[in-house]
Amino acid sequence: MRKAGLAAIALLGQHASFAYLMAPLAAIGVGSGLTMPVTAAILSVLPPGRAGVAAGILNAAREASGLLGVTVIGAILAARQAAALADGATPHAAFLHGYSTGLAAAAAMVAAGGAIALPALRGHGTTAAAQAQPGTARRRAPQPSAAA
């Protein structure tokens, strides 16, 4: 959903109104909200003693990827805007060109991330379900002692 929302905003032109932004922004919000069940699923398969560390790593990775994404998309926007200005575009049209290109790149990065993550998550779902959960391990039958 996020990639569809980003792609839809990237395709909007210079004369688009705020009403045209509402559906794509809602799709981005819903797509972002759908990542929460994934986080819960990741943390639920870990032993309780490691869930805190995993949550910290997950949040740090989320923040770092957001920072990297803003930086990369900002660089794309600035480069495309400068190129459009050099070609004689108005400042408004040049900014929209750079912004659309940056959003299209963001949509492509989200799609690539999803294409990588989905098979990885599906592959780990079967092994996580097969692992014994804490407190559910079978006890071994008592062995007769050698002294008896």
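So, here is what we can say about the structure in this document. Bear in mind that the values here come from a model prediction, so they are computed numbers and not experimental data.

## Considering the layout of surface pockets
Computed from the structure, the largest pocket encloses a volume of approximately 1400 Å³. Residue lining of the largest pocket: 32 residues in total, with Arg2, Thr35, Ser65, Val110 and Gly113 positioned closest to the centre. Elements represented by at least two residues in the lining of the largest pocket include exactly helix H1 (2-11), helix H2 (18-33), helix H3 (35-44), helix H4 (48-86) and helix H5 (91-130). Considering every element that reaches the lining of the largest pocket, the biggest residue donor is H5, with 11 residues. Per-class residue counts for the lining of the largest pocket are 20 nonpolar, 9 polar and 3 charged.

## Section: the nonpolar core
One finds Leu6, Ile9, Ala10, Ile28, Leu103, Ala106 and Ala107 forming the largest nonpolar core, which totals 7 residues. Where this core is concerned, the elements lending two or more residues are H1 and H5.

## What to know about a nonpolar patch on the surface
Residues Met1, Val30 and Leu34 make up a contiguous nonpolar surface patch of about 300 Å² in total accessible area. Among the secondary structure elements, Met1 is positioned in the segment before H1.

## Some remarks on the packing of H2 against H3
Their axes nearest at 4 Å, the elements H2 and H3 cross at an angle of 10 degrees. As judged from the angle between their axes, H2 and H3 are roughly parallel. Of H3, the residues touching H2 (which contributes Gly31, Ser32 and Gly33) are Thr35, Met36 and Pro37. Here the contact of H2 with H3 is built from residues that sort into 2 nonpolar, 4 polar and no charged.

Reading the values: the criteria
Residues numbered from 1 in each chain as written. Predicted model: local features only at pLDDT ≥ 70, side-chain atom pairs only at ≥ 80, totals over all residues. Heavy atoms only, no water. 1 Å grid on protein atoms, 1.4 Å probe; cavity = no way out; pocket = protein on both sides within 12 Å on 5 of 7 lines; lining within 4 Å. Points joined across faces, edges and corners; volume = space filled by probe spheres on them. Helix = DSSP H or I, 4+ residues; strand = E, 2+ residues; numbered from the N terminus. Nonpolar A, V, L, I, M, F, W, Y, C, P; charged D, E, K, R; others polar. Core = buried A, V, L, I, M, F, W, Y, C linked by side-chain atoms within 4.5 Å. Buried < 20%, exposed > 50% of the residue type's maximum accessible area, 1.4 Å probe, protein only. Patch = residues over 30% accessible without salt bridge, like charges linked within 9 Å, V, L, I, M, F, W, Y side chains within 5 Å. Areas by Shrake-Rupley, 256 points an atom, 1.4 Å probe, with all protein chains shown as cover. Salt bridge = Lys/Arg side-chain N within 4 Å of Asp/Glu carboxyl O. Axes fitted to C-alpha atoms, helices over the stretch in contact; angles between N-to-C directions. Parallel < 35°, antiparallel > 145°, perpendicular 65-115°, else oblique. Contact = heavy atoms within 4.5 Å.

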